[in-house]
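Residue-level structural notes
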Amino acid sequence: MDFVTIIGLLGAFCTTVAYFPQAFKVIKTKRTRDLSLLMYILIFFGLSFWLAYGILLRSAPLIIANTITLVTTSVILIMKLKYG
């Protein structure tokens, strides 16, 4: 694995894991009142495009990070739509 890929994976790890506390809190409390629906919709589409870009480039850091973050963000978005 080359240095550039390692840097990409480290960045991907940090930005992906950053969504976990919010997702766990939303799942536990079912409280989403203070979350911005527009922000999560935009994040969802942005991640979808980044994932497509990563697939086209065959970039493991982009594919892995955006897949995991897209799933986590989708959970938050679904909870926001359901309980918001």
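The coordinates are above.
In this report, we go over the structure that sits alongside the text.

The rules behind these values
Residues numbered from 1 in each chain as written. Predicted model: local features only at pLDDT ≥ 70, side-chain atom pairs only at ≥ 80, totals over all residues. Heavy atoms only, no water. Helix = DSSP H or I, 4+ residues; strand = E, 2+ residues; numbered from the N terminus. Expected span 1.5 Å × (residues − 1). Buried < 20%, exposed > 50% of the residue type's maximum accessible area, 1.4 Å probe, protein only. Contact = heavy atoms within 4.5 Å. Core = buried A, V, L, I, M, F, W, Y, C linked by side-chain atoms within 4.5 Å. 1 Å grid on protein atoms, 1.4 Å probe; cavity = no way out; pocket = protein on both sides within 12 Å on 5 of 7 lines; lining within 4 Å. Points joined across faces, edges and corners; volume = space filled by probe spheres on them. Nonpolar A, V, L, I, M, F, W, Y, C, P; charged D, E, K, R; others polar.

Moving on, we come to helix 4 (residues 60-83). Relative to the 34 Å expected for 24 residues at 1.5 Å per residue, helix 4 spans 34 Å between its end C-alpha atoms, a close match to the ideal helical length. Taken as a whole, helix 4 has its buried residues at Pro61, Ala65, Asn66, Thr69, Leu70, Thr72, Thr73, Ser74, Ile76, Leu77, Met79 and Lys80. For helix 4, the elements touching its buried residues are helix 1 (3-17), helix 2 (20-29) and helix 3 (37-57).

This part is about the nonpolar core. Counting residues in hydrophobic clusters, the biggest one holds eight residues: Tyr19, Ala23, Val26, Leu35, Tyr40, Ile76, Leu77 and Met79. Broken down by element, this core gets its largest block of residues, three residues, from helix 4. The residues touching isoleucine 76, leaving out its near neighbours within four places in the chain, are Tyr19, Gln22, Ala23, Leu35 and Tyr40.

This part covers the layout of surface pockets. Here the largest pocket defines a volume of roughly 160 Å³. Every residue lining the largest pocket is counted, 13 residues in all, and those nearest its centre are Ala12, Thr15, Leu47, Ala65 and Asn66. Elements with a minimum of two residues in the lining of the largest pocket: helix 1, helix 3 and helix 4. Of the residues contributing to the lining of the largest pocket, the split by class is seven nonpolar, six polar and no charged.

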